[in-house]
Structures are given as structure tokens and as C-alpha cells.
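# Coordinate analysis (summary)
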Amino acid sequence: MFFVIDCQDKLGHLAVRLENRDAHLNYLKDFEQQLIMAGPFMDSDNQMIGSMLIMAFNDHAEADSFCAADPYALAGLFERVQIRPWRKVLPA
């Protein structure tokens, strides 16, 4: 099952994101088989302000565990994290 993980950074936390970016990217390497796509949300100044990932997990509990152990989450970067089941329709 696919899940969309939508993470919004706390305001003024770009330094936290940058300090933990390498650890976050290394963490994602452990999930390459489950990772469909990922990348940061950008503001009007082209600064990173959040993350969006589409990943495959067996259930919501696995997605929750993945998010809780993400170095960004452990560093307190996110204001909110929303995990939603998603079904790919197009392109077929």
C-alpha cells in the first residue's frame, strides 16, 4: 500500500533541516525499495520548508514507525506530519 507523507517544517527551522539533511538522506537509503518519490516543499524564496514522500508500506503502523525514526523528526524539525493512504491511478 502506498502512503503520502506530508511534513511541514516549524517556522524558522531551516538551520535544523540543513544540519540533519545528510542523516535524513542516509536514512532514506535504507528504504530505497519502498521509496517511490521524495523531495522538499519550497517557499517563494526557494528555501526548503517541508518534505513530501510517497512510500510503500504494509500498513499505517509501518509508515508511522518510519516517520518517527526519521532524523528530521528526531531533531524536532516538523510542525506537523500527515500520513495518508494513496492509490496511484495515472499514468497507468
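Note: the structure precedes this text.
Residues numbered from 1 in each chain as written. Predicted model: local features only at pLDDT ≥ 70, side-chain atom pairs only at ≥ 80, totals over all residues. Heavy atoms only, no water.

### Here's the deal with the overall build of the protein
Counting its secondary structure elements, the protein contains three helices and four strands. Along the protein, helices and strands appear, N-terminal first, in the series β-α-β-β-α-α-β. Dimensions of the protein along its principal axes, counting C-alpha atoms only, are 35 × 25 × 20 Å. Residues counted as buried form 32% of the 92 residues belonging to the protein. The contacts of the protein with a sequence gap of at least 6 include a subset with a gap of at least 24, amounting to 70%. (Helix = DSSP H or I, 4+ residues; strand = E, 2+ residues; numbered from the N terminus. Buried < 20%, exposed > 50% of the residue type's maximum accessible area, 1.4 Å probe, protein only. Contact = heavy atoms within 4.5 Å.)

### Description of the pattern of salt bridges
Going through the model one piece at a time under the given rule, you end up with two salt bridges. A salt bridge links R80 to D6, with the nearest nitrogen and oxygen atoms 3.7 Å apart. Here R80 is found in strand β4 (residues 78-86), whereas its partner D6 is found in strand β1 (residues 2-9), with 74 residues between them in sequence. Across the salt bridge formed by R17 and D9, the nearest N and O atoms sit 2.7 Å from each other. The buried category is assigned to D9, whose relative accessible area is 7%. (Salt bridge = Lys/Arg side-chain N within 4 Å of Asp/Glu carboxyl O.)

### Some words on the packing of aromatic side chains
In total, this model carries seven aromatic pairs according to the counting rule given. Look at F3 and F57: their rings are 6.3 Å apart centre to centre, the planes differ by 50°, and that puts the pair in the tilted class. Of the two residues, F3 sits in strand β1 while F57 sits in the loop between β3 (48-56) and α2 (60-69), which places them 54 residues apart along the sequence. Both rings, one in Y27 and one in F66, keep their centres 5.2 Å apart while their planes meet at 25°; by these two values the pair is stacked. Of the two residues, Y27 sits in helix α1 (residues 14-29) while F66 sits in helix α2, which places them 39 residues apart along the sequence. (Phe/Tyr/Trp six-rings, centres within 6.5 Å; stacked < 30°, edge-to-face > 60°.)

### Some remarks on empty space enclosed by the protein
This structure, assessed with the given rule, holds one cavity of 30 Å³ or more. Each pocket or cavity is described by its volume, and for the largest cavity that value is around 30 Å³. Tallied by class, residues from the lining of the largest cavity come to seven nonpolar, no polar and one charged. (1 Å grid on protein atoms, 1.4 Å probe; cavity = no way out; pocket = protein on both sides within 12 Å on 5 of 7 lines; lining within 4 Å. Points joined across faces, edges and corners; volume = space filled by probe spheres on them. Nonpolar A, V, L, I, M, F, W, Y, C, P; charged D, E, K, R; others polar.)

### A few points about the layout of surface pockets
By volume, the largest pocket is sized at about 170 Å³. In terms of lining, the largest pocket is formed by Q8, D9, K10, L11, G12, H13, L14, D43, Q47, M48, I49 and E79. Among the secondary structure elements, those contributing two or more residues to the lining of the largest pocket are β1 and β3. Its residues assigned to classes, the lining of the largest pocket shows four nonpolar, four polar and four charged.

Shape is all these values report; function is a separate question.
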